[in-house]
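Report on the structure
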Amino acid sequence: MDRIGNKTARNPYFCFMRIDIITLLPELMESPFSVSILKRAAEKGLVEIHFHQLRDFATNKQKSVDDYQYGGGAGMVIGVEPISACIEHLQSERSYDEIIYMTPDGKTLNQGIANSLSLCDNILILCGHYKGVDQRIRDKYISSEISIGDFVLSGGELAASVLCDAVIRLIPGVLNDESSALSDSFQDNLLAPPVYTRPAEWNGMKVPEVLLSGHGAKIETWRHEQSMERTKKLRPDLLKESGLE
Ligand code: ADE
């Protein structure tokens, strides 16, 4: 994980990221990338996503990629050969800043990891299935292991989609108003302040006066206070983590 974020020499005027995803279920991942912000990011030429069907790298007739685990026990394990062949094929075409394995025993995804990954040019993501992948693949190729939470999904695809969404929206130019990513929850380890839109009064409930004042500095102070209050109440662990407590 150390290598994430060390990369600073990006062209400041044009950022482009390529993400390769190795999966047994590319269909499962298509819809998150074909709508809204992620779709627009691809249309603007800021990101390219390429899916690679792991089965295409199986050499047996049945195109199977999994096998029983040594030592016994329930659940199949994805074997070394197809994954190795797929990764090496991709590495022969470009070098990757990170090769990420989605797994429940990885480091839990947070905004800091997403920020760091958004600086990368080329990312390769491996999605696991069944009991996971042979440990030797993790030892030889994987630079980061990422979990999206302490629960087990049927495979890494949905987790990889979550990771990609969190990363792609941070690439400069993807969001129309770039500053809106900076004021998201978790940037600076604080939850975002409450937001309001018209009408200024609804069912007797008023939008806080300060937001209608047009006074930029006062609004900033109010928002910061609200962020602190919310974080103290809902996620005091974040304040402890960042020494803000
Ligand atoms: N694969 C299965 N469960 C997962 C999780 N929680 N995070 C990342 N990848 C996974």
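Residues numbered from 1 in each chain as written. Predicted model: local features only at pLDDT ≥ 70, side-chain atom pairs only at ≥ 80, totals over all residues. Heavy atoms only, no water.

1. Thoughts on the nonpolar core
Grouped together as the largest cluster of nonpolar side chains are 33 residues, with contacts concentrated most on Leu117, Ile125, Leu163 and Ile168. For this core, the element with the most residues is helix α6 (residues 157–168), which contributes seven residues. Those residues within four positions of Ile168 in sequence are excluded, and the remaining contacts are Ile19, Phe33, Leu38, Ala41, Val47, Ile49 and Val174. By size, the runner-up hydrophobic cluster in this structure holds 19 residues, among which are Leu24, Val65, Ile83 and Ile142. (Core = buried A, V, L, I, M, F, W, Y, C linked by side-chain atoms within 4.5 Å. Buried < 20%, exposed > 50% of the residue type's maximum accessible area, 1.4 Å probe, protein only. Helix = DSSP H or I, 4+ residues; strand = E, 2+ residues; numbered from the N terminus. Contact = heavy atoms within 4.5 Å.)

2. Focus: the environment of Ile148
Take Ile148: it is sitting in the loop between β7 (144–147) and α6. For the pair formed by Ile148 and Asp67, sequence separation is 81 residues and the distance between their alpha carbons is 26 Å. Residues within four places of Ile148 in sequence aside, it is in contact with Met102, Leu109, Leu153, Ala159 and Val162.

3. Some details on the packing of helix α1 (residues 26–33) against α6
The geometry of α1 relative to α6 is characterised by a closest axis approach of 9 Å and an angle of 25 degrees between their N-to-C directions. By the criterion of interaxial angle, the relationship of α1 to α6 is roughly parallel. The crossing of α1 and α6 is right-handed. Where α1 approaches α6, its residues Leu28, Met29, Pro32 and Phe33 are matched on the opposing element by Glu157, Leu158, Ala160, Ser161, Cys164 and Ile168. Residues that form the contact of α1 with α6 fall into these classes: eight nonpolar, one polar and one charged. (Axes fitted to C-alpha atoms, helices over the stretch in contact; angles between N-to-C directions. Parallel < 35°, antiparallel > 145°, perpendicular 65-115°, else oblique. Left-handed = near helix turned anticlockwise from the far one by under 90°. Nonpolar A, V, L, I, M, F, W, Y, C, P; charged D, E, K, R; others polar.)

4. Quick notes on the sheet that holds strand β6 (residues 122–127)
Read from one edge to the other, the open sheet built from five strands follows the order β2-β1-β6-β5-β7, with strand pairing classed as parallel. Taken across any chain shown, the strands that pair with only one partner, and hence form the sheet edges, are β2 (47–53) and β7. Neighbour to neighbour, the strand axes of the sheet diverge by 30 degrees on average, direction disregarded. As judged from the five bridges shared by strand β1 (residues 17–23) and β6, these two strands associate in the parallel manner. (Pairing = 2+ DSSP bridges.)

5. Some remarks on the site of the ligand
The full set close to the ligand counts 13 residues, and Thr103, Ile148, Gly149, Phe151 and Leu153 are the nearest of them. One of the backbone N or O atoms of Ile148 is found 3.0 Å from a nitrogen atom in the ligand. Phe151 is positioned such that a nitrogen or oxygen atom in its backbone is 2.7 Å from a nitrogen atom of the ligand. In the complex, 96% of the free accessible area of the ligand, which totals 260 Å², lies under the protein chains. (Near = heavy atom within 4 Å. Polar contact = N/O pair within 3.5 Å; in protein donor to acceptor, adjacent residues only side chain to side chain. Areas by Shrake-Rupley, 256 points an atom, 1.4 Å probe, with all protein chains shown as cover.)

6. Regarding the pattern of salt bridges
Tallied over the full model, the rule gives ten salt bridges. Across the pair Glu43 and Lys39 runs a salt bridge, and its minimum N-O distance is 3.7 Å. Linking Glu43 with Lys39, this pair stays in helix α2 (residues 36–43), spanning four residues, or about one helical turn. As a salt-bridge pair, Asp184 and Arg169 come within 2.6 Å of each other at their nearest N and O atoms. Here the residue Asp184 occupies a position in the loop between α7 (179–182) and β8 (201–202), and Arg169 occupies one in the loop between α6 and α7, the gap between them amounting to 15 residues. Residue Arg169 is classed as partly exposed on the basis of its relative accessible area, which comes to 21%. Within the structure, one salt-bridge network assembled from shared partners comprises Arg18, Asp20, Glu48, Glu93 and Arg94. (Salt bridge = Lys/Arg side-chain N within 4 Å of Asp/Glu carboxyl O.)

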